[in-house]
Amino acid sequence: MRCTRTGGRGGVRRPFGQHFLFDPNILAKIIDSSGITSRDTVVEIGPGLGSLTRLLSERAGRVIAIEIDKRLIERLKENLPASENVEIITADAVTFPYDTIEGRFRVVANIPYNITSPLIFRLLQYREKIPSMTLLLQKEVARRIVASPGTKEYGALSVSVQLYTEPVLKFTVSRKAFSPPPEVDSALVHFRVHSSPVFDIKDEAMLLKLVKTAFSGRRKMIANSLRVFEGIKEALMESGINPALRPENLSVADYVRLTNALTAAGKRCNPPLRIPG
Ligand code: SAM
């Protein structure tokens, strides 16, 4: 995985995944893909030296920039025009309480790749407040997020994100565009976050466990990879899912139906699950 607590050229330690982007064309494409307008409040994760922040402040009504590295704050302030619509918060975006932000907000960010999954799932906890997220991610992770059933990239990450969002890969960015360059390329993903649940999920925790378990045995037939779930054969039958399929052949809707069938039958995982990864 690219990112890179120790990434960058010459093995220089970059504890916060700091690979800055200055190319004005790429920055403009990120802003255009985000679709933000002057009516929007935007939360930027990791403003760094402020190149994206500056453009966001010109386009959005208000920008809240959350940066963990205290050493960058002075330079960040110097790099920003004396605009009144930018608020800088020094905090960890993975634990930040987003409900303290008034109203709804969009997220736009070139994120540090080492926190991709925890950050996305943290933000999704507040999904009622977030109509969209536009995130520059490690290309390989972006492909897994947007993957469709039946492809080799389709896995637990695709299903868990597509339960709540519609992710679209907008364009890729060469590692050479960053300073210092990281070890892999990036891709911009725009996530339209579902404002109301698209799926009727009876037990969300059970669903996420089931998906992780299924893909931890992705070469097996689904009936085998999920055999730790009591009553799985009956639930597969009831959901109309062929037990000989592989985990990658089930759609997001299939996983929801299957979990709901287990939940309705009062089934649980037996013995208690150790969740991989
Ligand atoms: N937005 C800038 C740009 O595009 O040039 C910087 C992007 S750089 C890939 C990631 C930024 O996120 C750095 O400024 C880093 O200090 C910050 N960062 C890393 N971990 C963070 C965290 N947990 N919370 C908030 N900011 C973080």
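Residues numbered from 1 in each chain as written. Predicted model: local features only at pLDDT ≥ 70, side-chain atom pairs only at ≥ 80, totals over all residues. Heavy atoms only, no water.

Near the ligand, the surroundings consist of 22 residues, among which Gln18, Gly46, Glu67, Asp92 and Asn110 are the closest. Here Ala93 contributes a backbone N or O atom positioned 2.9 Å from a nitrogen atom of the ligand. For the ligand, whose unbound accessible area comes to 590 Å², protein coverage reaches 98%. Those elements that place two or more of their residues in the shell around the ligand are β1 (20–21) and β3 (62–67). Considered class by class, the residues forming the shell around the ligand number eleven nonpolar, seven polar and four charged. (Near = heavy atom within 4 Å. Polar contact = N/O pair within 3.5 Å; in protein donor to acceptor, adjacent residues only side chain to side chain. Areas by Shrake-Rupley, 256 points an atom, 1.4 Å probe, with all protein chains shown as cover. Helix = DSSP H or I, 4+ residues; strand = E, 2+ residues; numbered from the N terminus. Nonpolar A, V, L, I, M, F, W, Y, C, P; charged D, E, K, R; others polar.)

Turning next to the environment of Ile66. With respect to the element layout, Ile66 can be found in strand β3. We classify Ile66 as buried; its relative accessible area is 1%. Sequence separation of Ile66 and Leu245 is 179 residues, and the distance between their C-alpha atoms is 44 Å. If we ignore the near neighbours within four places in the chain, the residues touching Ile66 are Val43, Glu44, Ile45, Gly46, Pro47, Ile89, Ala91, Ala93, Phe96 and Tyr98. (Buried < 20%, exposed > 50% of the residue type's maximum accessible area, 1.4 Å probe, protein only. Contact = heavy atoms within 4.5 Å.)

The next thing to look at is the pairing of strand β5 (residues 106–110). Of all five residues in β5, four are buried; the element is thus mostly enclosed. A crossover connection joins β5 to the parallel strand β6 (residues 132–138) through helix α4 (residues 116–124); in handedness this β-α-β unit is right-handed. (Right-handed = clockwise from strand over helix to strand, strands pointing away.)

Here the protein chain is described as being made up of domain 1 (2–193) and domain 2 (204–264). For domain 1 versus domain 2, the separation of C-alpha centres amounts to 32 Å. Every contact between the two is made by 13 residues of domain 1 and, on the other side, 15 residues of domain 2. Here domain 1 packs against domain 2, burying approximately 990 Å² in sum over the two surfaces, 66% of which is carbon and sulfur. Together, Tyr154, Val159 and Leu163 form the three largest contributors to the area buried by domain 1 at its contact with domain 2, with a combined 44%. Between Arg127 and Glu204 there is a salt bridge, with the nearest N and O atoms lying 3.6 Å from each other. (Domains from an automatic or database assignment. Buried area = accessible area lost by both parts, 1.4 Å probe. Salt bridge = Lys/Arg side-chain N within 4 Å of Asp/Glu carboxyl O.)

Across the protein chain, the average pLDDT comes to 91, with 91% of residues at 70 or higher. The low-confidence segment residues 1–11, where pLDDT is below 50, has 35 contacts with residues more than four positions distant or belonging to other chains. (pLDDT = per-residue confidence, 0-100.)

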